[in-house]
Amino acid sequence: MVFEGTIISSATFDKADFTPEVLTCVDQSGTIDRVISATDSDYQSVKQAAIDNHVLQKIPEGSFLLPGFTDLHIHAPQWSQAGLALDKPLNEWLNTYTFPLEAKFKDLSFAKKVYQSLVKELLAHGTTTGLYFGSIHNDANLELAKVCAQLGQRAFIGKVAMDNPEQTPDYYRDDSSQVSLKETEKFIKALQELQNHTQAELTPVITPRFVPSCTDETLYGLGKLAQKYNLPIQSHCSESIWEDRYAQERFKKSDTQVLDQFGLLTDKAVMAHGTQLTDADFKLFRERKASLAHCPISNVYFGNSVMRVQDAHQKNINIGLGTDISGGFSPSIYRNMQQAVMSSQILKDNGNDNARITCANAFYLATIGGAKALHLNSGQIKPGFKADLQIVQDQYFDVFSNNASDIFERLVYHTNKENIKQVYVSGKLVHNSVGEDNGK
């Protein structure tokens, strides 16, 4: 396939490139083979060959080709309560709403229904890769994987480990550390088998819910499993004042140090939130080459602060974005880019002069930052990268100014699901709304 039209792709943390009149050529493996400018000598011949082979797709005027997004923090079972009870304290939100909901996922028909809705919605919002917390139920987690395979989304999925009876309810936890570790390893093997069978892009992830929910034995065992299978790791890290203090009281260490102690802070680790991280914690993240998932909407409700994105970036820590469904109510990474910029201004107003981030910074997090966290050649429109793409319409193209920077910022702030016309994962069309509104 060959796309003809303007592309917008991050060049650096501070700069997004706006390149008109290019051919983006995608090979049969779903990889971007070439990006050819109108000034290149073979532009017309490549275009004509694409026309002759019926593989040229012309992007309409007022629409643009962007990389797909990576969502680094999704609680898949929580989708059916997105937007509910966010005015409650975290403890009440978890115990009254969230844990009872997640416990329902032992019902596979319920799980399949919710997961079909979630994955379709994420794809429709331009999310081509998702990093998912599942539930404690392996069968339901495999249903999530099957849905992702069927609908074409690249998925990293973890069976949630939680066995600490002091911090988890008796109706929703692993029966013991031995059970938690056994079921985690069982899920790893089952997902790898499913990946081999379907050839879908599925990866198991080691997933301690967070330090308070796990016993020492489980944290230690999960670190060993991550090492044994060379797998990604995901958890929460210093999401709130309470979580930060819990680690200090139980271990006399920071949350970051505890995760590192158990072998869970590696170059394949993605830790969510980090609103309470200190400079010493940042130093350990940098040394271990671990990544952070910034969840700006969720942190307004439960984070007690704003993650210091600029500080972390300047300390050479990789950062991406997460929706944190359902602590974050929106499945849209666009909505989280907007909130990331707004929250950074609040942090600046509260005395952190270095805090402000731009639209270009937020776009980098949504694309390159998220892809780097998962070691993917994705998030950029350039040769050798996966053709994870979205065709997005600027709904005000015929009304407002059309210089490059204005269009880019308008897309960040005004894009909604209806403006995302098509989405591709590794060159495969996975969402198509063209024609639903007469092509407008």
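Here, every reference points to the structure presented above.
Residues numbered from 1 in each chain as written. Predicted model: local features only at pLDDT ≥ 70, side-chain atom pairs only at ≥ 80, totals over all residues. Heavy atoms only, no water.

J.: Before we go on, may I ask you to explain the pattern of salt bridges in this structure?
T.: Scanning the entire structure with this criterion turns up 19 salt bridges. With a shortest N-O distance of 3.4 Å, Glu201 and Lys386 are connected by a salt bridge. With a gap of 185 residues between them, Glu201 in the loop between helix H5 (177–198) and strand E10 (202–204) and Lys386 in the loop between helix H13 (359–373) and strand E16 (389–393) connect regions that are remote in the sequence. The partly exposed category is assigned to Lys386, whose relative accessible area is 24%. A salt bridge links Arg288 to Asp260, with the nearest nitrogen and oxygen atoms 2.6 Å apart. (Salt bridge = Lys/Arg side-chain N within 4 Å of Asp/Glu carboxyl O. Helix = DSSP H or I, 4+ residues; strand = E, 2+ residues; numbered from the N terminus. Buried < 20%, exposed > 50% of the residue type's maximum accessible area, 1.4 Å probe, protein only.)

J.: Can you help me understand the nonpolar core in this one?
T.: Note that soluble globular proteins tend to have their nonpolar side chains buried in a common cluster. Core analysis: the largest hydrophobic core is formed by 93 residues, its most contacted members being Tyr132, Ile206, Met271, Phe285, Leu292 and Met337. Element by element, the count of residues in this core is highest for H13, at eight residues. (Core = buried A, V, L, I, M, F, W, Y, C linked by side-chain atoms within 4.5 Å.)

J.: How do you make sense of the pairing of strand E2 (residues 15–26) when you look at a structure like this?
T.: Across nine bridges, the pairing between strand E1 (residues 2–12) and E2 is antiparallel. Within E2, the residue paired with Val2 across the bridge is Cys25. Joining the antiparallel neighbours E1 and E2 is a turn of two residues. Looking at chain direction, E2 and strand E3 (residues 32–37) are connected through five bridges and run antiparallel. Directly across from Val22, in E3, lies its bridge partner Ser37. In this structure, the hairpin formed by E2 and E3 is closed by a connection of five residues, where Gly30 is found at a positive phi of approximately 85°. (Pairing = 2+ DSSP bridges.)

J.: Explain the sheet that holds E10 to me, please; I cannot follow it from the model alone.
T.: Strand pairing in a sheet is mediated by backbone hydrogen bonds. Such pairs are either parallel or antiparallel. Strand order in the open sheet formed by four strands is E6-E7-E8-E10, and the pairing between neighbours is parallel. The sheet terminates laterally at strand E6 (69–75) and E10, the two strands that pair on one side only. Across the sheet, the axes of successive neighbouring strands diverge by a mean angle of 15°, strand direction being ignored. Direction of pairing for strand E8 (residues 154–158) relative to E10: parallel, over a ladder of three bridges. What sits directly across from Phe156, in E10, is Thr203. Where H5 meets the sheet, it contacts E8 and E10, and its direction lies at approximately 170° from that of E10. (Axes fitted to C-alpha atoms, helices over the stretch in contact; angles between N-to-C directions. Contact = heavy atoms within 4.5 Å.)

J.: I would appreciate a short explanation of the side chain of Asn336 in the present structure.
T.: Tracing the chain through its elements places Asn336 in helix H12 (residues 333–349). Among the residues examined, Asn336 registers a relative accessible area of 0% and is labelled buried. Here the side chain of Asn336 touches Ser332 through a polar contact of 3.0 Å, landing on its backbone oxygen. Residue contacts for Asn336: discarding those within four places in its chain leaves Pro296, Ile297, Leu321, Gly322, Thr323 and Ser330. (Polar contact = N/O pair within 3.5 Å; in protein donor to acceptor, adjacent residues only side chain to side chain.)

J.: Would you take a moment to explain the sheet that holds strand E13 (residues 269–273) for this structure?
T.: Overall, parallel pairing links the four strands, which are arranged E12-E13-E14-E15 in an open sheet. Of all strands in the sheet, those bounded by a partner on one side alone are strand E12 (233–237) and strand E15 (319–321). Pairwise comparison of adjacent strand axes, ignoring direction, gives a mean angle of 30° for this sheet. The sheet contact formed by E12 and E13 spans five bridges and is parallel. If you follow Cys237 over to E13, its bridge partner there is His273.

J.: Is there a simple way to think about unusual backbone geometry in this case?
T.: The phi angle of most residues is negative, glycine excepted, and most peptide bonds adopt the trans form. For the bond from Ile325 to Ser326, the omega torsion is 5°, close enough to zero to count as cis. Among the structural elements, Ser326 can be located in the loop between E15 and H12. The phi angle at Gln199 is positive, at roughly 60°, despite the residue not being glycine. By the element assignment, Gln199 lies in the loop between H5 and E10. At His375, a position not held by glycine, the phi torsion is positive, near 55°. Here His375 is to be found in the loop between H13 and E16.

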